[in-house]
Amino acid sequence: MEAVYEYESEDVLINEKNGTEFVMTKTKLDQKEVAQSWKKLIEAHQKDKNVNMQLAETIIKEIKNQGFTKQFFNEERILNDTDFLAIDYLLKHSDEIENNRVAYNNTENAIHSFGNPVSEVSNALQQNLYASQDGLTGKMNKEKINSVYKKIIESGKGNFDAYRNYFYYLTQVEDQDGSNTTYLREFNTYFDATLAGTSPIEKLDAIFSGLDSSSSYSYDGWSSFKLYHSDICNNAAWTVVLKPQNANFLKDAIKWSEYSLVLSKNNPYYLDTLAQLYYKDGQAQKAIETQVLAVKYITSDVDEETANQMKEVLTKMSNGTY
């Protein structure tokens, strides 16, 4: 349940009392003054040795467009420099926040509700993709967002939610040459470190068991979690089929595609992807055999146009015109 804010939008200013409590004082409300006060507050806390949980909660709501800016001015906005400085505060204290979060959320006679700080940050970054302000979109923050994700991952705190949002973000932003090099390189690193090897089901089960309770996959269930991984592996591999610029990842894409079929056997879409990768890799006979299976396992769930395309690919592979 979200905390309910009852700000008087004409006369509120954020102040800090005794370094621990936030209070609302009466003043003439001005959007620039509010933003400046918030910036000074965030800057003042950058050297905190211990986390201020009330500040952490306020930051999380603010970067998710649910905080005081939204309440005061009822405007959507994209992340700004102050937000990224506030995110640094959350990441710096993420372990302490997580250790204290449950007790804080359960404080008697108070309403607090936020999830794992790393997950909350990654969710806010993803949400920024769809935000706009003064004709600008969240994509203008590409470099800063990449920097935050890299900081999370390099610190070893890259949980499933962070990786999921990071990969989704990278699929939305092409490299300058039109390739997906950044995405495919990052995905391959994750695949090799987390998914590859023997006993893939057991590996996935271990990740699923460790999910934060606030993750949608923790309550959507194991099947949804497994399908996500088979889909993301197939989708990454399919970008290599579609774009010649991604050809350097051909061998890796075959790994991902084969993995998707370990998780979801006889899936005609996945088989079609793998067959085309084999053919591009010079394994024509193996490609034809795999495409035969793709056509064999076409069901009524496959739309007619896609089914015809799969059959056409098989014909072209068989007569050497692919």
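It should be emphasised that the depicted structure is a prediction, and the values quoted were computed from it without experimental measurement. (Residues numbered from 1 in each chain as written. Predicted model: local features only at pLDDT ≥ 70, side-chain atom pairs only at ≥ 80, totals over all residues. Heavy atoms only, no water.)

Re unusual backbone geometry
To keep things clear, this is the line we draw: Numbering goes from the N terminus for both helices and strands, where a helix is a DSSP run of H or I of at least four residues and a strand is a run of E of at least two. Working definition: with a 1.4 Å probe on protein chains only, accessible area under 20% of the residue-type maximum means buried, over 50% means exposed, and in between means partly exposed.
At Ser-199, a position not held by glycine, the phi torsion is positive, near 55°. Examined against the element boundaries, Ser-199 turns out to sit in the loop between α9 (181-195) and α10 (200-209). Of note in the backbone geometry, Asn-266 takes a positive phi value of approximately 60° without being a glycine. Topologically, Asn-266 is positioned in the loop between α13 (250-263) and α14 (268-280). Residue Asn-266 is classed as partly exposed on the basis of its relative accessible area of 39%.

Section: the environment of Leu-129
As a reminder, the rule being used: Pairs of residues are marked as contacts when any of their non-hydrogen atoms sit within 4.5 Å.
Mapped onto the elements, Leu-129 comes out in the loop between α6 (117-128) and β3 (132-133). Spatially, the C-alpha atoms of Leu-129 and Leu-274 are 31 Å apart, while their sequence positions differ by 145 residues. Those residues in contact with Leu-129 that lie beyond four places of it in its chain are Gly-138, Lys-139, Tyr-168, Tyr-169 and Gln-172.

A look at the pattern of salt bridges
This is how the line gets drawn: What counts as a salt bridge is simple: a side-chain nitrogen of Lys or Arg found within 4 Å of a carboxyl oxygen of Asp or Glu.
For the structure on display, the rule yields 15 salt bridges. As a salt-bridge pair, Arg-77 and Glu-62 come within 3.1 Å of each other at their nearest N and O atoms. Placement of the pair is Arg-77 in the loop between α3 (68-73) and α4 (81-92) and Glu-62 in helix α2 (residues 53-63), with a sequence separation of 15 residues. Of the residues examined, Arg-77 reaches a relative accessible area of 10% and is grouped as buried. Accessibility expressed as a relative area gives 3% for Glu-62, which makes it buried. Note that Glu-186 and Lys-150 form a salt bridge whose closest N and O atoms lie 2.8 Å from each other. Within this pair, whereas Glu-186 is found in helix α9, its partner Lys-150 is found in helix α7 (residues 142-154), the two being separated by 36 residues in sequence.

Overview of the side chain of Asn-128
For clarity, the threshold we go by: In the analysis that follows, any N or O atom pair within 3.5 Å is treated as a polar contact, provided that within protein one partner can donate a hydrogen and the other can accept it, and provided that, for residues neighboring in sequence, both atoms belong to side chains.
For Asn-128, the location among the structural elements is in helix α6. On the basis of relative accessibility, which here comes to 3%, the residue Asn-128 falls in the buried class. Reaching out from Asn-128, the side chain makes a polar contact with the backbone nitrogen of Leu-79 at a distance of 2.9 Å. The contacts of Asn-128, once residues within four sequence positions are left out, are Ile-78, Leu-79, Gly-138, Asn-141 and Ile-145.

What to know about the packing of aromatic side chains
To keep things clear, this is the line we draw: Any two rings among Phe, Tyr and Trp, with Trp reduced to its six-membered ring, count as a pair given centres within 6.5 Å; such a pair is stacked if its planes are under 30 degrees apart, edge-to-face if over 60, and tilted if neither.
One pass over the structure, following the stated rule, counts 24 aromatic pairs. Measuring from ring centre to ring centre gives 6.3 Å for Phe-187 and Phe-191, while their planes differ by 40°; the resulting arrangement is tilted. With a gap of four residues between them, Phe-187 and Phe-191 both fall in helix α9, about one helical turn apart. Residue classification places Phe-187 among the buried residues on the basis of a relative accessible area of 0%. Aromatic pair Phe-187 and Trp-256: ring centres 5.1 Å apart, planes at 85°, arrangement edge-to-face. Taken together, the positions of Phe-187 in helix α9 and Trp-256 in helix α13 put the pair 69 residues apart, joining distant regions of the chain. A relative accessible area of 0% places Trp-256 in the buried class. The structure contains a cluster of three or more aromatic residues connected by ring pairs, namely Tyr-149, Tyr-163, Tyr-166, Phe-167, Tyr-183, Phe-187, Tyr-190, Phe-191, Trp-256 and Tyr-259.

In short, the description is geometric, and any link to function would need to be established separately.
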